[in-house]
Amino acid sequence: MTEAPAAASPDGALPKTYDPAGTEARWQVAWEAAGAFHPDPNAPGEPFSVVIPPPNVTGSLHMGHGFETALIDTIVRFQRLRGRNVLCLPGTDHASIAVQSILEKQIKAEGGSKDDLGRDAFLERAWSWKAESGGTIVGQLRRLGYSVDWQRERFTLDPGLNKAVVEAFVRLHEQGLIYRGEYLVNWCPASGSAVSDLEVEMKELDGHLWHFRYPLTAAAEGSASGGLDHLVVATTRPETLLGDTGVAVHPDDPRYAAMVGRTLTLPLVGREIPIVADEHVDPAFGTGCVKVTPAHDPNDFAIGARHGLPLITVMAKDGTMNAASGRFAGLDRFEARKAVVEAMEAEGFLVKVEPHRHSVPFSDRGKVPVEPLLSTQWFARAEPLAARCREALDGGEPRFVPQRWEKVYRDWLTDIRDWCISRQLWWGHRIPAWFVVSETGGVITEATPYVVARDDAEARRKAEEQFAAASRAAGRQLQLEQDPDVLDTWFSSGLWPFSTLGWPDESSPDLATWYPTSVLVTGFDIIFFWVARMTMLAGAFTGRMPFADVMIHGLVRDENNRKMSKSAGNGIDPLPLIERYGADALRFALVREVAGAAQDIRLDYDRASGASATVEGARNFANKLWNATRFALMNLGGETPASLGDPDPDGLTLADRWILSRLARVNLETAERYSSYGLGEAAKGLYEFAWNEVCDWTIELLKRRLNPRPAAEGEALSPEALADQRVARQVLAKVLAELLVLLHPLMPHLSEELWHGLTGEAEGTFLALQPWPAVNEAALDDALEAQFAELIEAIRVVRNLRAVAGLKPSQSAPVVFLTGRSELAAVLRQATSDITALTRAASVEVRDPGAAASERCLAAVSGELQVLLPIEGLVDLGALRGRLEKDIAKAEKEIKGLAGRLANPNFTGKAPPEVVAECRANLAEAEAQAVLARQRLADLG
């Protein structure tokens, strides 16, 4: 087991410089070796569970993974700190099409094919590949400090998950919710498989619209045809006209009313096809005549079904033309397109060609245009499954964050088509159906009967019961062959929230404890692909929605605010950023950029240097926390927060009471933000509190109390000074210790390291498993926080006036405050020693605003407070007047330039609105600076 850092020594146990790489690696090993995130279903605490969206086993870490990991891990680490019994379950998806594509390319490069290998040898190679290369992304996710239970890691092809897939298929088939039939499907020629509607990406392409003349048959010509001897149809896919079995017009289109019921002769083919009237036709598009190819277009398939048109397939599944295409057989589909156009032109049937931009469906996996083809596939009846989900949604399950995505989810469930769940691949869950091929000559045909079963033995029993007698009577021996196809990857991942917990074993302790899961964190782009699949299948098999909440996150955009993609080549690899700045810095930077749930975030990145100012800022924040903790270790006298205990309320100074009130309030705010998925707001709030209020103010205010000086050299510290020193140590220790717990979900490695250094806790005790700090309600003081904020601003104003005056840091100057508010005056008087220490004040005086200042002063206003800095005799007034005059001249020059730009209509009318707004803001700032400098010059006389 890896040891945690040793207890802090009085002179500080932390190295001078923070080393993210070493720190992060050490704690990742320590957490995992100790089983820190391996929960017991029987442990106390309300269950809280998350199953992570399983990345493809083919993948490697990209910025989307980094962002999603940071969000999920922030949520689950917070819930552990709140005392929940948390399970965060990891795993990967087998990615059927992607893996098979990789392996087929490898085999092809070796001069072979998967068919040469055979199915068993191919699958053996696939599992070997998975063992060697498939775990890459798992190791990379570990680099981010994912607090998942790696002992429960799942893979969608694990035996247990395969059992769940088979059981789900069998049950749905028994309920009539899975069937086999020939329908038009999206066919991907590249992968040689059907793909679902959700795996089709529409791309806008520049193409052509070809107008062709279809002649009326001789018997159809005559006066009844209104003098027409042909119709003109327009198409973007000329190669499919070889499979036309009709032409459709709108029933209310007067141009063609007399033509309905007559026939045309299909050019190049000579087939006689009818003219039908169908309301699907848009009379305003093209000529108002639509060619109908039922076997190659989903809309035409529906028209053909309504009018009894035959289905003629003219294309093979590899994207070439088949024998039914006549002289074009064997040509690639795009070669055939060109050849058909040339033939139509040569025979006088081409009327015209127009440029046409249109949407073309592409296979998301194969990256080629899909072809609608008739194919016998397995389908799931989607409507009954979706109906359960709509009913649950009416009852508020699941809850979408933000709520607007609920409508997107509902709309998809409302207008849904049956789901094609079979894929013509070898890598995946093989469909648990066995064909009785002895009934059809030893081969699988459309007419081959089948049985659905959980295994070979059950399949044979079922087949014996149904077909053995008939087979023996016909002198045949019963012969079974399992369906060679596999299930759609989304079918198995749709079972993920409960198959990973032991389903269909209803006695599984994990299932009983952690199902339904608590929250799903995922991108909006897979609400259709995955979220709805999970709710549909969960409703069918568990009767409950698989998660209480669905937190939808946005995308990580590049430095130019563009969506990252492989095709655009603008992706940002998170691993070099982790190497450079640390995983905690990257995590914190990503979460802090979130402005609201589901909002995209922008990550600045210099591609030449590999630097990111955003992530570097988070690394600087880590350094700030590191240095603050080192300072504490050197000033706590070798004690820890536990040994120091809580400070005596009677010994607290004004500043102590302020920071303890702020600590209690930030605790409340952060817990509420983490709980409500306001993670970006939590990160921003903690950053401001830690950097500004703790490091910049509290530590500065505590320094002189932590190292008090005796009244005279050689004397011992007074009991009062020692007591105040202890209170200062107690306040510092308490604030830092609680701050580290609050920050832990966002920066787990750094906070664990610093917490161990601060507390001296030994091996086996982790900050990750500590309780969330109890809120000291008695410390909350709204009025004090408001007054102290005014005090801080007053100190800033004094410092600014000193800079204007040109005073040296070591030079003292008196400070005068003018206020008519008694409570503010009281706070200023109480804080005199703090003001003196932080502003090098020679004296601090609080006056009534009616009291005139006899001395020459620089003045400024902060809210209702006027601040005076008497400078006569301290600075060269002539030199100061010169500097102020230069400031005025500079401001006036800037005002003239900015005003000129804004007076130019070419600028205000054509420049981007944000540029114009920035210009106006700069002008207002320059004008304010000029007014202030003139006033200060006037004050000097």
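Since the structure is predicted, the reported quantities are computational estimates derived from the model, not experimental observations.

Chemist: Describe the overall build of the chain, listing the residues and the values that go with them.
Modeler: Summing up its helical and strand segments, the chain has 30 helices and 29 strands in all. On the principal axes, the C-alpha backbone points of the chain span a range of 120 × 70 × 55 Å. Residue burial in the chain is summarised as follows: out of 941 residues, 53% are buried. For the chain, the proportion of contacts with a sequence separation of at least 24, taken over those separated by at least 6, is 78%.

Chemist: I'd like a rundown of the side chain of S375, residues and numbers included.
Modeler: Structurally, S375 is set in strand β14 (residues 371-380). For S375, the side chain forms a polar contact with the side chain of K317, separated by 3.5 Å. At 2.6 Å, the side chain of S375 and the side chain of Q377 are in polar contact. Here S375 is in contact with G181, E182, Y183, V185, W187 and K317, once residues within four sequence places are set aside.

Chemist: Pulling in residues and values, what's your account of unusual backbone geometry?
Modeler: At the junction of V401 and P402, the peptide bond is cis and its omega measures out at 0° in the coordinates. Structurally, P402 is set in the loop between β15 (399-401) and α11 (405-414). Following W503, the chain continues to P504 via a peptide bond in cis, the omega torsion being 15°. The residue P504 is located in the loop between α14 (496-499) and α15 (509-514) in this model. In this structure, Y677 is a non-glycine residue whose phi angle is positive, near 65°. Note on placement: Y677 falls in the loop between α21 (654-675) and α22 (679-706). Its relative accessible area of 9% is what places Y677 among the buried residues.

Chemist: Any chance you could break down the sheet that holds strand β13 (residues 350-363) for me, citing the residues and the numbers?
Modeler: Spatial ordering of the open sheet is given by β8-β7-β13, a layout of 3 strands whose pairing is antiparallel. Of all strands in the sheet, those with a lone pairing partner are β8 (230-235) and β13, marking the two edges. Looking at each pair of strands side by side, their axes are set apart by 20° on average, direction ignored. Pairing of strand β7 (residues 200-215) with β8, which is carried by 6 bridges, proceeds in the antiparallel orientation. Within β8, the residue paired with W210 across the bridge is T235. Packing against the sheet, helix α9 (residues 333-346) makes contact with β7 and β13, and its axis sits at approximately 20° to β7.

Chemist: Tell me what's going on with α11, and back it up with residues and numbers.
Modeler: Listed as buried for α11 are W405, Y409, W412 and L413. Taken down its axis, α11 places every buried residue within 100° of arc, on the same side. Contacts made by the buried residues of α11 are with α10 (382-394), β15, α16 (527-541) and β23 (547-553).

Chemist: Go over the packing of α10 against α11, please, and point to the residues and values.
Modeler: Interhelical geometry of α10 versus α11 gives an angle of 150° and a closest axis separation of 9 Å. Viewed along their axes, α10 and α11 adopt a mutual orientation that is roughly antiparallel. In this structure, α10 crosses over α11, and the sense of that crossing is left-handed. Facing α10, whose interface residues are E383, A386, C389, R390, L393 and D394, α11 presents E406, Y409, R410, L413 and T414.

Chemist: Summarise the pairing of β14; cite the residues concerned and give the values.
Modeler: Across the 10 residues of β14, 10 count as buried, placing the element largely inside the fold. Side-chain alternation along β14 places E371, L373, S375, Q377 and F379 on one buried face and P372, L374, T376, W378 and A380 on a second face that is also buried. Sheet topology places β14 next to strand β16 (residues 419-420); 2 bridges connect them, and they run antiparallel. Bridged to A380 within β16 is W419.

Chemist: Describe the sheet that holds strand β10 (residues 263-265), and please don't skip the residues or the numbers.
Modeler: Hydrogen bonding along the main chain pairs the strands of a sheet, whether they run parallel or antiparallel. If you trace the 4 strands from one edge of the open sheet to the other, you get β10-β11-β9-β12, paired in mixed fashion. Taken across any chain shown, the strands that pair with only one partner, and hence form the sheet edges, are β10 and β12 (289-292). Mean inter-strand twist for the sheet, computed between neighbouring axes without regard to direction, equals 30°. Strand direction decides the pairing type here: strand β9 (residues 246-249) and β12, joined by 4 bridges, are antiparallel. From the neighbouring strand, G246 faces β12, where its bridge partner is V292. Running at roughly 85° to β12, helix α8 (residues 298-307) makes contact with β11 (272-277) and β12 of the sheet.

Chemist: So, the packing of α22 against helix α23 (residues 719-743): which residues are in play, and what are the values?
Modeler: Packed helix pairs are specified by the crossing angle of their axes together with the interaxial distance, meaning the distance between the axes. Packing of α22 against α23 leaves a shortest axis separation of 10 Å and a crossing angle of 165°. When the interaxial angle is binned, α22 and α23 end up roughly antiparallel. Regarding α22 and α23, the two cross each other, and that crossing is left-handed. On α23, the residues touching L686, F689, A690, V694, I699, L702, R705 and L706 of α22 are D724, Q725, V727, A728, R729, L732, V735, L736, L739, L742 and L743. Taken together, the residues of the contact of α22 with α23 break down into 15 nonpolar, 1 polar and 3 charged.

Chemist: Which residues make up the confidence of the model for the chain, and what are the values?
Modeler: Do not read the fine detail of predicted coordinates wherever pLDDT is low. In this model, the chain carries a mean pLDDT of 91, and residues with pLDDT of at least 70 account for 96%. Residue range residues 1-12 is modelled with pLDDT below 50. Its contacts to residues more than four positions away, or to other chains, number 32 contacts.

Parameters at a glance
Residues numbered from 1 in each chain as written. Predicted model: local features only at pLDDT ≥ 70, side-chain atom pairs only at ≥ 80, totals over all residues. Heavy atoms only, no water. Helix = DSSP H or I, 4+ residues; strand = E, 2+ residues; numbered from the N terminus. Buried < 20%, exposed > 50% of the residue type's maximum accessible area, 1.4 Å probe, protein only. Contact = heavy atoms within 4.5 Å. Polar contact = N/O pair within 3.5 Å; in protein donor to acceptor, adjacent residues only side chain to side chain. Pairing = 2+ DSSP bridges. Axes fitted to C-alpha atoms, helices over the stretch in contact; angles between N-to-C directions. Arc of directions from axis to C-beta. Parallel < 35°, antiparallel > 145°, perpendicular 65-115°, else oblique. Left-handed = near helix turned anticlockwise from the far one by under 90°. Nonpolar A, V, L, I, M, F, W, Y, C, P; charged D, E, K, R; others polar. pLDDT = per-residue confidence, 0-100.

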